[in-house]
Amino acid sequence: MLRNARLLCGASNAALLLGRPDEPHLTLAAYLDTEAPAVAAIEAMIAEANRDPMRMDPAQHLSARAICEGAVVHVEDVAETAQYRAGEPTFRVMVEELGARTMLSVPLRDARGALGAINLHRKEVRPFSADEIALVEAFAAQVAIAIENARQFRELQTRLAREAATREILEVISRSRDDDGPVFEAILERAATLCRSSYAGLALIDEDGQHLVYTASHGPALAHSKYGRMKWALNGQSSFAEAVRERRAVRIDNLADTDLYREGDPQRVAHVDEDGLRSFMAVPLFRKDEAIGAFGLAKWEVAPFSEDDLEIVSGFAAQAVIAIDNVRQFKALEALNAELGDRVQAQVGEIERMGRLKRFLPAAVADAVVSTGSETMLSSHRALLGILFCDIRGFTAFCEQAEPEETIEVLQTYHQEMGLLVAAHGAGVDHRMGDGIMVLFNDPLPCEDPAGEAVRLALAMRGRMAELCAGWRRLGHRLGFGVGVSLGYATVGMVGHEGRFDYTASGTAVNLAARLCERAEDGEILLSPRAFAAVEADFLCEPAGALELKGLAAPVEVMRALAAR
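Below you will find a few notes about this structure. (Residues numbered from 1 in each chain as written. Predicted model: local features only at pLDDT ≥ 70, side-chain atom pairs only at ≥ 80, totals over all residues. Heavy atoms only, no water.)

### Quick word on the overall build of the chain
Note the threshold: Counting from the N terminus, the helices are the DSSP runs of H or I reaching at least four residues and the strands are the DSSP runs of E reaching at least two. Between buried and exposed lies partly exposed: a residue is buried under 20% and exposed over 50% of the maximum accessible area for its type, with that area taken using a 1.4 Å probe on protein chains only. Contacts are assigned to residue pairs that have any heavy atoms within 4.5 Å of one another. To measure how exposed things are, a 1.4 Å probe is used in the Shrake-Rupley method; for residues, cover is taken only from the protein chains shown.
Helices and strands together make up the secondary structure of the chain, namely 18 helices and 19 strands. A burial count over the chain gives 46% of its 565 residues as buried. Partitioning the contacts of the chain with sequence separation of at least 6, the portion at a separation of at least 24 is 61%. By element, 51% of the accessible surface of the chain is carried by carbon and sulfur atoms, the whole surface being about 27,800 Å².

Here it is as structure tokens:
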């Protein structure tokens with residue numbers, strides 16, 4: 001479009017500038033002239049022009065005037081303008097360095113208004129005709145359509161790229177339980193790519209709580225700092241410290257156009273003069289309501305970070321906090337295991353026994369072994385168990401539609417709340433598998449009424465889940481909750497291999513509880529015949545019919561638990 005406009009209108013050069021009236025600067029998007037320099041030279045010239053772009057000031061730039069007024073600006077002779085006679089630097093450069101005399105600036109428009117301008121210059125005084133102006137206006141309309149099409153395509157590509165980046169980072173988090181370094185590297189790389197920034201870095205608050213320490217980076221090394229050696233005082237003037245201290249994102253369109261730079265602040269001057277940074281953004285990391293650090297992104301040109309960029313980095317910041325907490329919890333668990341190992345060693349004096357106990361995940365099993373002083377309970381044996389299975393109804397469909405962060409938040413809340421109830425009801429063992437939970441009563445901890453305790457826990461779970469699902473429903477998530485309870489003998493013991501053991505149960509009673517859970521509708525608690533027989537005096541129940549269950553040859557008469565009597 002620019003080439004055709006220049007040729008058909010007999011202009012010496014042509015430029016396309018982008019920017020809206022409410023934006024601070026104009027960006028040079030394309031440039032052509034009659035001397036037709038090499039493409040690389042034009043690209044270098046455009047990049048240099050955009051390092052310190054033109055202000056959106058109608059008094060300084062004719063193109064800014066066309067954009068702000070939304071009208072064609074046609075100057076027959078720039079040398080005869082009041083701005084040139086007054087010595088306005090921009091007009092002096094146009095006439096004395098670029099040789100421009102006649103100039104035409106035609107705004108581009110879309111549904112929101114002006115978004116840029118096409119500029120044509122002639123080196124002689126020769127006004128553009130009405131037909132030529134109409135032709136450029138037609139080209140401007142086509143350019144605006146092309147820009148809008150490209151914008152919509154980029155938005156789609158950006159969304160797909162963000163979703164892919166989120167999945168990749170979650171995969172890295174799942175593989176990095178004991179080291180958050182790979183997660184930081186993955187997040188910084190993807191944040192820099194998606195936000196089109198030249199550099200990305202991370203700083204975290206140190207142990208004394210008074211400083212931010214440079215922790216990780218992506219992009220060329222900065223001249224003023226070395227990886228892992230840079231510190232900022234939280235009460236200082238750095239943008240990192242400001243973001244953490246004020247608990248908000250800090251965006252700077254041009255570091256060279258700030259008071260700190262003009263006042264000669266050593267760090268700001270180093271950023272600009274030595275590192276060549278221009279646009280900058282710092283985004284704080286939050287653990288609950290506590291700021292623990294900040295991401296920083298920078299560009300070598302003046303290209304302000306957008307609200308979309310802020311949203312992207314804020315999402316990555318939340319994932320970084322998850323990684324930090326995972327590593328902290330993993331190390332705390334390691335420390336706890338080490339402490340448990342020391343206690344067991346002091347009690348029994350046997351290194352082999354200590355090593356085995358350190359691998360047990362259920363705390364109830366380890367406590368029982370320590371209290372009894374015997375490991376015979378860990379070997380395979382038969383026990384009468386109350387068995388409860390529960391999971392979230394509609395969770396698979398929810399995962400297919402929801403964002404990964406929403407899925408994680410729902411799972412975390414679900415497991416936390418159900419875990420509190422399991423602990424409060426004195427269950428011996430519970431296992432988590434995605435949104436599924438299995439709870440055992442009467443082994444390894446003895447229980448006088450295993451079926452009754454399982455039903456009491458089921459009712460408490462159903463009540464709490466009704467509250468949680470009501471809250472999720474207000475967010476548009478249609479989720480439910482189902483429970484299956486059985487009573488019967490099962491084989492219980494330690495299974496696994498060197499380095500990883502679990503204490504679990506298997507048998508028909510376990511399978512029956514799992515199948516009942518699968519068949520339970522939202523809000524239902526289905527009981528096996530034997531479980532109902534054990535609890536019918538204490539709980540109100542009603543028939544649910546004879547169900548054919550997978551893996552069982554004959555239909556099973558199932559009861560539905562309603563409430564405690």
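### Focus: the packing of aromatic side chains
Any pair of aromatic rings gets described here by the distance separating the centres and the angle formed by the planes. Definition in use: Only rings of Phe, Tyr and Trp enter the pairing, Trp through its six-membered ring, and a pair is recorded when the two centres are within 6.5 Å. The plane angle decides the type: under 30 degrees is stacked, over 60 is edge-to-face, the rest tilted.
Tallying each qualifying case throughout the model produces 2 aromatic pairs. Their ring planes at 75° and their centres at 6.1 Å tell us that Phe240 and Phe280 sit as a pair that is edge-to-face. Taken together, the residues span a long stretch of sequence, with Phe240 in helix α8 (residues 239-246) and Phe280 in strand β10 (residues 280-287) at a distance of 40 residues. Take Phe240 and Phe280: they sit in the same class, and that class is buried.

### Quick word on the environment of Val73
Within the fold, Val73 resides in strand β3 (residues 73-75). Between the C-alpha atom of Val73 and that of Leu62, which follows or precedes it by 11 residues, the distance is 6.9 Å.

### Considering the sheet that holds strand β8 (residues 231-233)
Threshold: One requirement defines pairing of two strands: DSSP has to find at least two bridges between them. Under this scheme, a helix contributes an axis fitted over its contacting stretch, all axes are lines through C-alpha atoms, and angles between N-to-C directions fall in the 0 to 180 degree range.
Here we have 6 strands laid out as an open sheet, ordered β8-β7-β6-β11-β10-β9, and antiparallel in their pairing. With partners counted over all chains shown, the strands left at the sheet margins are β8 and β9 (250-252), one partner each. Neighbour-to-neighbour, the strand axes of the sheet open up by a mean angle of 25°, direction not taken into account. Where β9 and β10 come together, 3 bridges link them in antiparallel fashion. Bridge assignment links Arg251 to a residue of β10, and that residue is Met281. Docked against the sheet, helix α7 (residues 181-194) engages β6 (199-205), β7 (211-218) and β11 (290-298), running at close to 70° with respect to β7.

### Some points on the pattern of salt bridges
The following threshold applies: Salt bridge, as applied in this entry: a Lys or Arg side-chain nitrogen positioned within 4 Å of an Asp or Glu carboxyl oxygen.
Under the criterion given, the structure shown has 23 salt bridges. Across the pair Arg85 and Glu80 runs a salt bridge, and its minimum N-O distance is 2.7 Å. In this structure, Glu453 engages Arg456 in a salt bridge whose closest nitrogen and oxygen atoms are separated by 3.6 Å. Of the two residues, Glu453 and Arg456 both sit in helix α16 (residues 450-474), 3 residues apart, roughly one turn of that helix. Each of Arg55, Asp257, Asp259 and Arg262 takes part in salt bridges that share partners, so that together they form one network.

### Structural notes on the pairing of strand β14 (residues 436-441)
In terms of residue burial, β14 counts as a mostly covered element, since 6 of its 6 residues are buried. Note that strand β12 (residues 381-393) and β14 share 5 bridges and pair antiparallel. Bridge pairing in β14 places Phe389 opposite Met438. In the sheet, strand β13 (residues 429-433) pairs with β14 via 5 bridges, with the strands oriented antiparallel.

### Here we look at helix α17 (residues 508-519)
In plain terms, the rule: Between the first and last residue of a helix there are one fewer steps than residues, each counted as 1.5 Å, and that sum is the expected span.
For α17, spanning 12 residues, the distance from its first C-alpha to its last is 16 Å, which sits close to the expected 16 Å at 1.5 Å a residue. Within α17 the residues assigned to the buried category are Ala509, Val510, Leu512, Ala513, Ala514, Leu516 and Cys517.

### Re the sheet that holds strand β4 (residues 102-110)
Within the open sheet, the 5 strands sit side by side as β2-β1-β5-β4-β3. Their pairing is antiparallel. The strands lining the two open edges of the sheet, one partner per strand, are β2 (27-33) and β3. The sheet shows a mean angle of 15° between the axes of neighbouring strands, direction not considered. Against the sheet, helix α1 (residues 2-9) contacts β1 (13-18), β2 and β5 (113-122), and its axis sits at roughly 45° relative to β2.

### Description of the pairing of β4
Among the 9 residues that make up β4, 7 are buried, leaving the element largely enclosed by the rest of the structure. By the bridge criterion, 3 bridges tie β3 to β4 in an arrangement that is antiparallel. Pairing of His74 across the sheet is with Leu104, part of β4. Two elements, β4 and β5, share 9 bridges in a ladder whose sense is antiparallel. In the sheet register, Ser105 faces β5, and the bridge partner there is Asn119.

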